[in-house]
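# Results of the structural survey
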Amino acid sequence: KRVAIFISGGGSNMRALVRSMTGDHPARPALVLSNTADAGGLEWARAEGIPTEVVDHRPFKGDRAAFETALAECVAPHAIDIIALAGFMRVLTSGFVTPWRGRMLNIHPSLLPKYRGLDTHARALAAGETEAGCTVHEVTPALDDGPVLGQARVPVLPDDTPESLAARVLEQEHILYPIVLRRFAGGDRRPVMLP
Ligand code: GRF
């Protein structure tokens with residue numbers, strides 16, 4: 001299976017996924033794509049010999065459909081089987097998502113269905129949650145809403161800040177996402193629950 005990983009920033013999840021796709025793993029990284037040319041993960045991917053693409057969303061201003069057409073055209077030549085969103089910070093509409101239904105994953109830094117959207121850690125702390133975590137789900141047109149493929153839970157500590165909680169969750173993202181991708185690429189959609 002050929003996997004495209006979409007990033008917008010440092011790409012720590014992308015790096016964990018790339019490092020996991022070795023040996024008898026049914027998938028290989030075939031493309032790293034970013035919506036911004038200055039994403040730190042692009043340099044790393046290039047150094048790994050992985051094809052990279054940039055589709056800057058800014059020239060399209062509010063025209064999501066045009067941006068998504070450019071995305072689809074950019075991905076097409078790479079013969080991709082699975083798209084893994086990993087810190088990709090653009091909302092994708094049904095125009096892009098529907099053709100990829102059942103073949104696109106995302107990792108979200110909360111225990112969905114709680115805390116869809118942004119600022120998940122600050123919101124969890126404000127709500128007095130005693131545990132938090134991350135979710136890998138299939139991408140559907142509704143934001144952060146598709147079938148759950150995996151979750152990892154972490155404790156919230158009394159002196160946690162959004163940053164300290166984010167760091168604890170991110171560590172689990174790097175464990176969970178590779179496990180889920182390996183299963184998913186092998187056709188197994190049973191959810192992974194950590195610990
Ligand atoms: C992190 O907040 C992570 O929780 C979310 O995207 C952000 C950046 O991740 N998935 P990465 O380091 O670019 O993978």
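Everything quoted here is computed from the prediction, not taken from an experiment. (Residues numbered from 1 in each chain as written. Predicted model: local features only at pLDDT ≥ 70, side-chain atom pairs only at ≥ 80, totals over all residues. Heavy atoms only, no water.)

### Digging into the pattern of salt bridges
Operational definition: Here a salt bridge means any side-chain nitrogen of Lys or Arg lying within 4 Å of a carboxyl oxygen belonging to Asp or Glu. Secondary structure is summarised from DSSP: a helix means a run of H or I of at least four residues, a strand means a run of E of at least two, and numbering begins at the N terminus for each. Burial status follows relative accessibility: with a 1.4 Å probe on protein chains alone, a residue under 20% of its type maximum counts as buried, one over 50% as exposed, and anything between as partly exposed.
Tallied over the entire structure, the rule returns nine salt bridges. Of the charged contacts in the structure, one is a salt bridge between E129 and K114, with a shortest N-O distance of 3.0 Å. Remark: K114 occurs in the loop between β5 (104-108) and α5 (120-126) and E129 occurs in the loop between α5 and β6 (131-138); sequence separation between them is 15 residues. A residue is classified by how much of its surface remains accessible, and E129, at 18% relative accessible area, is buried. Note that D188 is salt-bridged to R190, the shortest N-O span being 2.6 Å. Owing to a relative accessible area of 55%, R190 belongs among the exposed residues under this scheme.

### Quick look at the site of the ligand
The test is simple: We call a residue near a molecule or strand when any one of its heavy atoms sits within 4 Å of it. Polar contact is the term for a pair of N or O atoms within 3.5 Å; when the atoms are in protein, one must be able to donate a hydrogen and the other to accept it, and sequence-neighboring residues count only if both atoms are side-chain atoms. Ten residues, namely Ala, Val, Leu, Ile, Met, Phe, Trp, Tyr, Cys and Pro, are considered nonpolar, four, namely Asp, Glu, Lys and Arg, are considered charged, and the remaining ones, Gly among them, are considered polar.
Lining the immediate environment of the ligand, one finds G10, G11, S12, N13, G87, I107, P109, L170 and E173. Within the backbone of N13, an N or O atom sits 2.8 Å from an oxygen atom of the ligand. Measuring from an oxygen atom of the ligand, one finds a side-chain N or O atom of E173 at 2.6 Å. The set of elements that each furnish at least two residues to the shell around the ligand consists of α1 (12-20) and α6 (162-185). When its residues are assigned to classes, the shell around the ligand shows three nonpolar, five polar and one charged.

### Examining the packing of α1 against α6
What counts is decided by this rule: Lines are fitted to the C-alpha atoms to define the axes, a helix being fitted only along its stretch in contact, and any angle between axes, read from their N-to-C directions, falls within 0 to 180 degrees. Should an angle lie under 35 degrees it is considered roughly parallel, over 145 roughly antiparallel, and from 65 to 115 roughly perpendicular; all remaining angles are considered oblique. For a crossing to be left-handed, the near helix must be turned anticlockwise from the far one by less than a right angle; the clockwise case is right-handed. Note on contacts: a residue pair is in contact if any heavy atoms of the two residues lie within 4.5 Å.
Between α1 and α6, whose axes approach to 9 Å, the crossing angle comes to 40°. What the angle tells us is that α1 and α6 run oblique. In the packing of α1 onto α6, the handedness of the crossing is right-handed. Every residue of α6 that contacts α1 at S12, N13, A16, L17 and S20 is listed here: L170, E173, H174, Y177, P178 and L181. Taken together, the residues of the contact of α1 with α6 break down into six nonpolar, four polar and one charged.

### Concerning the sheet that holds strand β3 (residues 52-54)
What counts, and what does not: In this description, strands pair whenever DSSP reports at least two bridges between them.
One open sheet accounts for eight strands, arranged β3-β2-β1-β4-β5-β6-β7-β8; its pairing is mixed. Edge positions in the open sheet fall to β3 and β8 (192-194), since each of these has one partner strand only. Each neighbouring strand pair of the sheet contributes to a mean axis angle of 15°, computed without reference to strand direction. In the sheet, strand β7 (residues 148-155) pairs with β8 via three bridges, with the strands oriented parallel. Pairing of A152 across the sheet is with L194, part of β8.

### What about the UniProt feature "active site" (unreviewed entry) in the protein?
Filter applied, for reference: UniProt positions are given in the numbering used here, feature names are shortened, and annotations may be inferred rather than shown by experiment.
Cross-referencing UniProt, the feature "active site" (unreviewed entry) maps to H108 in the present numbering. The residue H108 is located in strand β5 in this model. The exposure class of H108 is buried, given its relative accessible area of 4%. In terms of polar contacts, H108 uses its side chain to reach the backbone carbonyl oxygen of Y115, at 2.7 Å.

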